[in-house]
Amino acid sequence: MTDQIIAPATASDIIHEKLLIIDFGSQVTQLIARRLRESSVYCEIHPYQNVTDAFLTEFNPKAVILSGGPDSVTREGSPRAADGVFTLGVPVLGICYGQQTMMTQLGGKVESGHGTAEFGRAFVTPTEAKLAILDGWFEDGKEQVWMSHGDHVSEIAPGFEVYGTSPNAPYAITGDVSRNFYAVQFHPEVHHTPNGAKLYENFVKLAGFSGDWTMGAYREQAIAAIREQVGDNHVICGLSGGVDSSVAAVLIHEAIGDQLTCVFVDHGLLRKGEAEEVVTMFRDNYKMKLIHADEQELFLGELDGQSDPETKRKIIGKLFIDVFQKYANEIEDAKFLAQGTLYPDVIESVSFSGGPSVTIKSHHNVGGLPEKMGLKLVEPLRELFKDEVRELGVELGLPKSFIGRHPFPGPGLAIRCPGEITRAKLDILREADAVYIDQIRKHGLYDDIWQAFVAILPVKTVGVMGDGRTYDYACALRAVTSVDGMTADYYPFEHDFLGETATRIINEVPGINRVTYDITSKPPGTIEWE
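Residues numbered from 1 in each chain as written. Predicted model: local features only at pLDDT ≥ 70, side-chain atom pairs only at ≥ 80, totals over all residues. Heavy atoms only, no water.

Can you lay out the packing of helix H2 (residues 29–38) against helix H5 (residues 196–206) for me, pointing to particular residues and giving the numbers?
It is at 9 Å that the axes of H2 and H5 come closest, and there the two elements cross at 65°. The two elements H2 and H5 cross, and the hand of that crossing is right-handed. On H5, the residues that touch Ile 32, Arg 35 and Leu 36 of H2 are Ala 197, Tyr 200 and Val 204. (Axes fitted to C-alpha atoms, helices over the stretch in contact; angles between N-to-C directions. Helix = DSSP H or I, 4+ residues; strand = E, 2+ residues; numbered from the N terminus. Left-handed = near helix turned anticlockwise from the far one by under 90°. Contact = heavy atoms within 4.5 Å.)

Below, the structure written as structure tokens:
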């Protein structure tokens, strides 16, 4: 981020109860945050190296969770929690690597190997001692959990007791009740630990959280924060027509009214009929100032021949900035640019280690603004997950049919067109996607699916239509189920549905002669193809 970004007063500034998640690099740290948000507890994820004693004093958490991670505490120089975590006087919960660094830092021991690694499903059985964070556990005598560890705790720290064991983790659940320190070797945040959410609920209850994180409260707080940040100045909102930017626009409009001008950039990468739909909805229903910027020639010209996905995203991000700058120059007192940036966007764009090597992908709307723009960012959704944005949209009165729309990426069809982008391929992709979504709606499946789309593949295949040979593109159908977009599973369509859909696409969309279905989960894949 550049130092010119002045975000609105954040939720962490305007609510009184905060939980800190210290991230040691686990792929599922975000799921911890989701579990806590579901319990109406506000939390933030921060990389371990950023959490200094000074940070802890300023953040002032009511409780702390130490995440899992891929490293080994037996390695010299491996990550550690700030010592101040254990002197704050607040409850601390260590998860997997978090348990191991807690034990190491407080006087216990961790060892590698010796046949005690566990990966996948395991069962924990309780000891005779009782522990408050385990209320509701072990009703059947044991609990299924998800393990993922090579190292193991070989000696617990002084003051700790054992409350649960598994075949390869004799210290699967430990706690020091006098200091409110708790640690587990498994991952309660994943759905493979069926009763994991209950453990988190018990932990935040023990920490004294009242559950003051609601979208109703956030709406009022965000409106006040936007007004304070913006003052009498004008805001330009980049409106894509997706749920995120639309909720951001309606929220900001409620805060500052005619001080907001939305710029809908038609970059030639939208779905069939989408530009007309978005412009009509916002002009007719919300009476907002709206500029329909037809910039198709600009975007498609710059993207012509580009095939690298990161290059595409960066080109699109730069062009969005250029377009907004052009219209900002025409609006008096335009000092701010609003975006629908979400918390997962921020998380995916910044690695826990602070370096670029493990960044999954860049996001066109994350990373600040170039100084030449002279604009500051307003990002009122920056701390929200996708399902929270939808809840906020309902609070704001947006139609449920619109709120329930599948996510659509800012770079649009550019990242559903692997390989070089051409106008012809985009036209084919638009038609195929329209047929696919129509099929999903006709079969009553739209609301069961988190996101569905077609990707046109950068290969052509031989086919036979009638008595003639064809040599056309292949496409991949993608449909996933998810709660927040951080993890996802493919949707289990019936084969009859897939067959019917493939037949329609091939018959109705010239240019495609082969249809495949993508059954990759996230992880290891991402939801979008690029």
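Explain the sheet that holds strand E12 (residues 234–239) to me, and be specific about the residues and the numbers.
Read across the open sheet, the 5 strands follow the order E14-E13-E12-E15-E16; overall the sheet is parallel. A single partner strand is all that each edge strand has here, and the edge strands are strand E14 (289–294) and strand E16 (376–378). Recorded for the sheet is a direction-independent mean angle of 30° between the axes of neighbouring strands. Packed onto the sheet, helix H7 (residues 243–256) meets E12, strand E13 (260–266), strand E15 (334–338) and E16 and runs at close to 160° relative to E12. Along the sheet, helix H8 (residues 274–285) contacts E12, E13 and E14; its crossing angle with E14, the most-contacted strand, is approximately 165°. (Pairing = 2+ DSSP bridges.)

Talk me through the side chain of Gln 99; I want residue IDs and the actual numbers.
Here Gln 99 is to be found in helix H4 (residues 97–105). For Gln 99, the side chain forms a polar contact with the main-chain oxygen of Tyr 171, separated by 2.8 Å. (Polar contact = N/O pair within 3.5 Å; in protein donor to acceptor, adjacent residues only side chain to side chain.)

Please give an account of the pairing of E13 that cites residues and values.
Extensive coverage of E13 is indicated by the burial of 7 of its 7 residues. Of the two faces of E13, the one lined by Leu 260, Cys 262, Phe 264 and Asp 266 and the one lined by Thr 261, Val 263 and Val 265 are each fully buried. With H7 bridging E12 and the parallel E13, this β-α-β connection has right-handed handedness. One ladder, built from 6 bridges, connects E13 with E14; its direction is parallel. Across the sheet, the residue bridging to Val 263 is Ile 291, located in E14. (Buried < 20%, exposed > 50% of the residue type's maximum accessible area, 1.4 Å probe, protein only. Right-handed = clockwise from strand over helix to strand, strands pointing away.)

I'd like a description of the pattern of salt bridges, backed by residues and values.
Within the structure shown, the criterion is met by 23 salt bridges. The closest approach of N and O atoms between Lys 109 and Glu 155, which form a salt bridge, is 4.0 Å. In this pair, Lys 109 sits in strand E5 (residues 109–112) while Glu 155 sits in strand E8 (residues 151–155), placing the two residues 46 residues apart along the sequence. Taking the relative accessible area as the measure of exposure, Lys 109 reaches 47% and is therefore partly exposed. The residue Glu 528 makes a salt bridge to Arg 416 at a minimum N-O spacing of 2.8 Å. With Glu 528 in the segment after strand E20 (512–517) and Arg 416 in the loop between helix H13 (400–403) and helix H14 (423–442), this pair connects stretches of sequence that are 112 residues apart. (Salt bridge = Lys/Arg side-chain N within 4 Å of Asp/Glu carboxyl O.)

A description of the environment of Lys 460 should follow, citing residues and the corresponding values.
By the secondary structure assignment, Lys 460 is in strand E17 (residues 451–465). Distance in space between the C-alpha atoms of Lys 460 and Cys 475 is 9.5 Å, their sequence separation being 15 residues. Here Lys 460 is in contact with Tyr 471, Asp 472 and Tyr 473, once residues within four sequence places are set aside.

Which residues make up helix H10 (residues 309–328), and what values go with them?
End to end, H10 covers 28 Å across 20 residues, agreeing with the expected 28 Å (1.5 Å per residue, within 8%). Put simply, Asp 308 is the residue that caps the front of H10, since its side-chain oxygen is 3.2 Å from the backbone nitrogen of Glu 310. (Expected span 1.5 Å × (residues − 1).)

Lay out the packing of aromatic side chains in plain terms, naming residues and giving numbers.
Counted under the stated rule, the structure contains 17 aromatic pairs. Ring geometry for Phe 86 and Phe 181: centres 5.7 Å apart, planes at 75°, overall edge-to-face. With Phe 86 in the loop between strand E3 (63–66) and strand E4 (92–95) and Phe 181 in strand E11 (residues 181–184), the pair connects residues that are 95 residues apart, well separated along the chain. There is no split in this pair, since Phe 86 and Phe 181 are both buried. Between the aromatic rings of Trp 137 and Phe 186, the centroid separation amounts to 5.7 Å while the plane-to-plane angle is 25°, which identifies the pairing as stacked. Of this pair, Trp 137 sits in the loop between strand E6 (118–126) and strand E7 (143–149) while Phe 186 is found in the loop between E11 and H5, placing the two residues 49 residues apart along the sequence. Exposure class is identical for Trp 137 and Phe 186. Each is buried. Through a chain of ring-to-ring contacts, three or more aromatic side chains come together here, namely Tyr 436, Tyr 490, Tyr 491, Phe 493, Phe 497 and Tyr 517. For Arg 271, the ring lying beneath its charged end belongs to Phe 408, and the centroid distance is 3.9 Å. Over the face of the ring belonging to Tyr 446 we find Arg 441, whose NZ or CZ atom lies 3.8 Å from the ring centre. (Phe/Tyr/Trp six-rings, centres within 6.5 Å; stacked < 30°, edge-to-face > 60°. Lys NZ or Arg CZ within 6 Å of the ring centre and 35° of its normal.)

Explain the nonpolar core to me, using residue names and the numbers behind them.
Val 247, Phe 282, Leu 381, Leu 392, Tyr 436, Ile 440 and Phe 493 are the most contacted members of the largest nonpolar core, which has 97 residues in total. Once residues within four sequence positions are removed from consideration, Ile 440 is found in contact with Leu 445, Tyr 446, Ile 449, Ala 452, Phe 493 and Phe 497. Core analysis: the next-biggest nonpolar cluster, separate from the first, contains 38 residues, Leu 19, Ile 32, Val 124 and Phe 209 among them. (Core = buried A, V, L, I, M, F, W, Y, C linked by side-chain atoms within 4.5 Å.)

Requested: an account of unusual backbone geometry, with residues and values cited.
With an omega dihedral of -15°, the bond running from Lys 522 to Pro 523 counts as a cis peptide bond. Take Pro 523: it is sitting in the segment after E20. Following Pro 523, the chain continues into Pro 524 via a peptide bond in cis, with omega recorded as 15°. Among the secondary structure elements, Pro 524 is positioned in the segment after E20. Positive phi is not limited to glycine here, since Asn 60 has a value of about 55°. Residue placement: Asn 60 occurs in the loop between helix H3 (53–59) and E3. Positioned with a positive phi, Phe 138 is a non-glycine residue whose angle comes to about 65°. Residue position: Phe 138 is located in the loop between E6 and E7.

Go over the packing of helix H6 (residues 215–230) against H7 with me, naming the residues and quoting the values.
Between H6 and H7, the least distance of the axes is 9 Å, while the angle of their chain directions is 65°. At the point where H6 passes H7, the crossing takes the right-handed sense. Residues Arg 219, Ala 222, Ile 223, Ile 226, Arg 227 and Val 230 of H6 pack against Leu 251, Ile 252, Glu 254, Ala 255 and Ile 256 of H7. Taken together, the residues of the contact of H6 with H7 break down into 8 nonpolar, no polar and 3 charged. (Nonpolar A, V, L, I, M, F, W, Y, C, P; charged D, E, K, R; others polar.)

Got a sec to walk through the side chain of Glu 528? Specific residues and values, please.
When its relative accessible area of 7% is taken as the criterion, Glu 528 is described as buried. A distance of 2.8 Å separates a polar atom in the side chain of Glu 528 from a polar atom in the side chain of Arg 416. Here Gln 451 takes part through its side chain, which lies 2.8 Å from a polar atom of the side chain of Glu 528. When sequence neighbours within four positions are dropped, the list of residues in contact with Glu 528 reads Pro 409, Ile 415, Arg 416, Gln 451 and Phe 453.

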